[in-house]
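# Results of the structural survey
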Amino acid sequence: MFQALPYEGNRNDQFAAVLEQLKSLIHDEPSSIANLANASALLNSFLPDINWVGFYLFDGTELVLGPFQGLPACIRIPLGKGVCGTAAAERRTIVVDDVHEFPGHIACDAASNSEIVVPLVQGERLIGVLDIDSPLKGRFDQDERQFLEQFAGILTAQL
């Protein structure tokens, strides 16, 4: 049975502990769905002030809702649309301090005010995106961006 570690120490220590927990959770598990589900639950238990965390998976045409924690969400997102579709199309992390100012933002939860989306890429192959929303404006900083990119890299290597 999984037991979350207490997140003690400075922020970098906490990030390192979560990355180790992720490695432990996905080690030798061949199911991508199980790994994505546990990854979203881990982030949901660790990150304060978020209201949605999960994955959209690329099916060869568009992004399709995958494992997540939060309210029911949009099911399909075209590449290039909204924050998720833009991050996937451009294969780069996007941090939006105020989603209401992002052109073409797709509002799945009216409570969301900021968002970070990290693409999941293996070589040239797009797997999907990690999407995290917060009710707070300006919620995600550069340190969290780097942590989440590391998190996505560890996870993607196992998918």
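Note that the coordinates shown come from a computational prediction; the quantities given were computed from them, not determined experimentally.

Conventions adopted
- Residues numbered from 1 in each chain as written.
- Predicted model: local features only at pLDDT ≥ 70, side-chain atom pairs only at ≥ 80, totals over all residues.
- Heavy atoms only, no water.
- Salt bridge = Lys/Arg side-chain N within 4 Å of Asp/Glu carboxyl O.
- Helix = DSSP H or I, 4+ residues; strand = E, 2+ residues; numbered from the N terminus.
- Buried < 20%, exposed > 50% of the residue type's maximum accessible area, 1.4 Å probe, protein only.

Working definition: two side chains of opposite charge can pair if their charged atoms are close together. For the structure on display, the rule yields ten salt bridges. In this structure, Lys 137 engages Asp 98 in a salt bridge whose closest nitrogen and oxygen atoms are separated by 3.4 Å. Residue Lys 137 is located in the loop between strand 6 (125-134) and helix 4 (142-158), and its partner Asp 98 is located in the loop between strand 4 (94-96) and strand 5 (114-122); the two are separated by 39 residues in the primary sequence. Take Lys 137: its relative accessible area is 54%, and that puts it in the exposed class. Here Arg 145 ties to Glu 149 by a salt bridge, and the two come within 3.3 Å at their closest N and O atoms. Pair noted here: Arg 145 and Glu 149 are both in helix 4, with a separation of four residues, about one helical turn. Assessed through its relative accessible area of 32%, Glu 149 is described here as partly exposed. Connected via shared salt-bridge partners are Arg 11, Arg 139, Asp 141, Asp 143 and Glu 144.

These values are about where atoms sit, not about what they do.
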